[in-house]
Amino acid sequence: MQVRWLLPLGVGATMVAQAAYAVQYMTVEQAQQAAFVQGSRFVPVAAAIDTAALGAPDGWRPLIWRVQRDAETVGWFFEDAVIGKSELITYALALDASGKVTSLEVLEYRESHGGEVRLAGWRKQFTGKTAADPVALDRDIRNISGATLSCRHLTEGVHRLLQLYAHVLAAKP
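So, here is what we can say about the structure in this document. (Residues numbered from 1 in each chain as written. Predicted model: local features only at pLDDT ≥ 70, side-chain atom pairs only at ≥ 80, totals over all residues. Heavy atoms only, no water.)

With that settled, consider the side chain of Gln125. Relative to the helices and strands, Gln125 resides in the loop between α3 (120-124) and α4 (148-169). Residue Gln125 is classed as buried on the basis of its relative accessible area of 15%. A distance of 3.0 Å separates a polar atom in the side chain of Gln125 from the backbone oxygen of Trp122. In contact with Gln125, not counting residues within four places along its chain, are Asp140, Ile141 and Arg142. (Helix = DSSP H or I, 4+ residues; strand = E, 2+ residues; numbered from the N terminus. Buried < 20%, exposed > 50% of the residue type's maximum accessible area, 1.4 Å probe, protein only. Polar contact = N/O pair within 3.5 Å; in protein donor to acceptor, adjacent residues only side chain to side chain. Contact = heavy atoms within 4.5 Å.)

Should the charged atoms of two oppositely charged side chains come close, the side chains can pair. Scanning the entire structure with this criterion turns up three salt bridges. Measuring nitrogen to oxygen at the nearest pair gives 3.1 Å for the salt bridge that ties Asp140 to Lys129. Of this pair, Asp140 sits in the loop between α3 and α4 while Lys129 sits in the loop between α3 and α4; the two residues are 11 residues apart in sequence, bridging distant segments of the chain. Given a relative accessible area of 14%, Lys129 falls into the buried group. (Salt bridge = Lys/Arg side-chain N within 4 Å of Asp/Glu carboxyl O.)

All told, the structure shown has five aromatic pairs when counted by the stated rule. Centre to centre, the rings of Phe42 and Phe77 are 6.3 Å apart; their planes meet at 80 degrees, and the pair counts as edge-to-face. Taken together, the residues Phe42 in strand β2 (residues 41-45) and Phe77 in strand β4 (residues 72-83) connect sequence positions 35 residues apart. The pair Phe42 / Phe77 is uniform in exposure class, with both members buried. Aromatic rings pair up to connect Phe36, Phe42, Trp65 and Phe77 into one cluster. Lying across the ring of Tyr25, Arg118 places its NZ or CZ 3.7 Å from the centre. (Phe/Tyr/Trp six-rings, centres within 6.5 Å; stacked < 30°, edge-to-face > 60°. Lys NZ or Arg CZ within 6 Å of the ring centre and 35° of its normal.)

So this is what it looks like as structure tokens:
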């Protein structure tokens, strides 16, 4: 009789543990300040985006900020999300005024595996990339064993944002 009660308790505890993997590492505001420490101003941008031309999923709309110091644009900041294996990964990408990646931050990770994409060494390989670079897994971005889908989808997300910058935002004054 005692054994029957332990089994359901163990199964329930396992289900609760799997649901507890969502971790917020940074807020958008913290990521903005970390990426642009010069005391810059973040101006929301509502861009008309042709998502089909960028190879993006239907309904894809990242949040975009123009980063300004005085009247000068010093960069761009994006908040976006991609699917890891089955859950969303929310991340932030910062570009300088010329469209080069200056930082990539994982804001919220909800998967039970693959959180290694949050490690600085993996994220640092995006620094300096532009829309002219391949930004492709196993080409110029290395994979992490056990985190392949998270690596692939984050890499694809960064690639889409770089293309968005090049095709839509770079032309804005």
